[in-house]
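Structural features, examined
Residue strings, one per chain:
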Amino acid sequence: MAATASNSGNSGGKRNQNDKDVPPPLPEPLAVPVADSHTHLDMQDGSVEDALAKAASVGVTTVIQVGCDVAGSTWAAETAAAHESVWAAVALHPNEAPRIVLGDPDGWSRQGAREPGGDAALDAALERIDALAALPHVRGVGETGLDFFRTGPEGMAAQERSFRRHIDIAKRHGKALVIHDREAHDDVLRVLREEGAPGTVVFHCYSGDAEMAKVCAEAGYYMSFAGNVTFKNAQHLRDALAVAPLDRILVETDAPFLTPMPYRGRPNAPYLIPVTLRAMAGYRGIAEDALATAVAENTARAFGY
């Protein structure tokens with residue numbers, strides 16, 4: 001995840017539509033309602049009610065609110081219970097596990113500086129996630145997985161231990177496993193093979209290439225594409241989208257991150273799903289409504305609502 005940037009260089013405090021902190025305009029509504037399969041409403045400006053209303057006004061009628069730590073997962077479950085159009089996924093983000101075990105002296109996470117807690121602290125946090133996963137409004141266990149972007153060997157070990165526990169939690173509760181995979185494709189697939197994957201696996205913000213997409217398709221995994229599929233340097237994602245089975249494709253924002261072109265760098269939100277979906281339909285060479293219909297059915301099937 002990368003925080004959105006702000007622009008404070010305008011004189012007199014005035015803002016224009018080129019400012020990085022100005023939300024993009026509402027897109028044209030979709031004719032076929034769809035779901036945002038992965039968002040972080042707790043990291044976005046404004047109220048949950050406003051975010052859901054804006055999304056619904058353009059045809060995004062369901063959102064999956066995803067937790068990244070115990071506090072965020074608790075909030076996700078509570079928010080899903082309070083709003084008919086919200087379902088929750090709960091987990092410790094791959095980068096959260098090393099912070100719990102090894103500490104977070106720089107306070108990089110939203111919880112501030114933390115002392116090392118060791119394996120006992122990780123076990124305690126996972127017990128909380130396990131309890132949340134049993135709730136009826138929680139339909140996914142995630143985002144979990146592996147993120148080797150800036151993680152050393154000790155952190156990798158903590159991540160893998162946490163990932164294996166999340167797989168077990170998802171299987172025991174019959175919930176979808178929502179995977180965060182950054183620079184760890186082979187290891188994520190290895191752990192899934194070794195542990196035995198749950199009945200439903202969703203690769204959130206799919207980041208592999210076409211060959212990995214074929215592996216995921218053969219295993220029956222869902223691949224959720226975010227706004228970065230529109231980025232100039234993301235041809236590998238477009239290639240993966242081209243070979244992914246239509247019944248295994250989801251769309252997401254990962255908001256407030258990964259805002260699609262032409263709004264890259266500005267705040268993302270569920271109401272921008274139509275921008276990404278229309279681009280995806282163009283890459284696939286199929287009608288917008290056909291892709292929206294497939295995505296809506298796939299998301300409902302994956303998360304069991």
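My aim in this report is to walk through the structure given alongside it, one point at a time. Model, not experiment: these values are computed from the prediction.

Conventions we followed
- Residue numbers run consecutively from 1 along every chain, following the written order of its sequence.
- pLDDT decides what is reported in this predicted model: residues at 70 or higher carry local features, side-chain atom pairs at 80 or more are listed and counted, and totals for whole chains, interfaces and linings draw on all residues regardless.
- Side-chain measures were taken over the full set of non-hydrogen atoms in the model, leaving aside hydrogen atoms and water.
- One speaks of a salt bridge when a side-chain nitrogen belonging to Lys or Arg is within 4 Å of a carboxyl oxygen belonging to Asp or Glu.
- Only DSSP runs of H or I covering at least 4 residues are called helices, and only runs of E covering at least 2 are called strands; the numbering of each starts at the N terminus.
- Partly exposed describes any residue whose relative accessible area lies between the buried limit of under 20% and the exposed limit of over 50%, with all areas from a 1.4 Å probe on protein chains only and scaled to the type maximum.
- Residues scored as positive are Lys and Arg, those scored as negative are Asp and Glu, and His as well as the terminal groups of each chain are ignored.
- We call two residues in contact when some of their heavy atoms are within 4.5 Å.
- Pairing between strands requires that DSSP locate at least two bridges from one strand to the other.
- Axis lines are fitted through C-alpha atoms, for helices just across the contact stretch, and the angle between N-to-C directions can take any value from 0 to 180 degrees.
- By convention, orient the strands away from the viewer: a clockwise path from the first strand over the helix to the second makes the crossover right-handed.

A word on the pattern of salt bridges. Taken as a whole and assessed by the stated rule, the structure comprises 16 salt bridges. Ionic pairing is found between R161 and D119, a salt bridge with its closest N-O pair at 3.7 Å. Of the two residues, R161 sits in helix α5 (residues 153-173) while D119 sits in helix α4 (residues 118-133), which places them 42 residues apart along the sequence.

With respect to the element layout, R139 can be found in strand β4 (residues 138-147). Within the buried set, R139 has no salt-bridge partner at all; the shortest N-O distance to an opposite charge, 11 Å, is to E84. If sequence neighbours within four positions are ignored, R139 has contacts with W87, A88, K175, A176, F303, G304 and Y305.

On to the sheet that holds strand β7 (residues 222-225). A sheet is described by the order of its strands in space; here eight strands give the open sequence β1-β2-β3-β4-β5-β6-β7-β8, paired in parallel fashion. Of all the strands in the sheet, the pair left with one neighbour each is β1 (34-39) and β8 (249-251). Put simply, the sheet's adjacent strands are angled 30 degrees from each other on average, direction ignored. With four bridges joining them, strand β2 (residues 60-66) and strand β3 (residues 86-90) adopt parallel strand pairing. Directly across from V66, in β3, lies its bridge partner A89. Along the sheet, α5 makes contact with β4 and β5 (176-182), crossing β4 at roughly 160 degrees. Strand contacts of helix α9 (residues 273-284): β1, β2, β7 and β8, with the helix running at about 145 degrees to β8, the strand carrying the most contacts.

It is worth spelling out the pairing of β5 at this point. Among the seven residues in β5, six count as buried, and that is most of the element. Where β4 meets β5, six bridges bridge the pair, whose relative direction is parallel. Along β5, the bridge assignment pairs D147 with R182. For the crossover that starts at β4, traverses α5 and ends in the parallel β5, the hand is right-handed. Taking the sense of rotation as the criterion, the β-α-β connection linking β5, helix α6 (residues 185-195) and strand β6 (residues 201-203) turns out right-handed.

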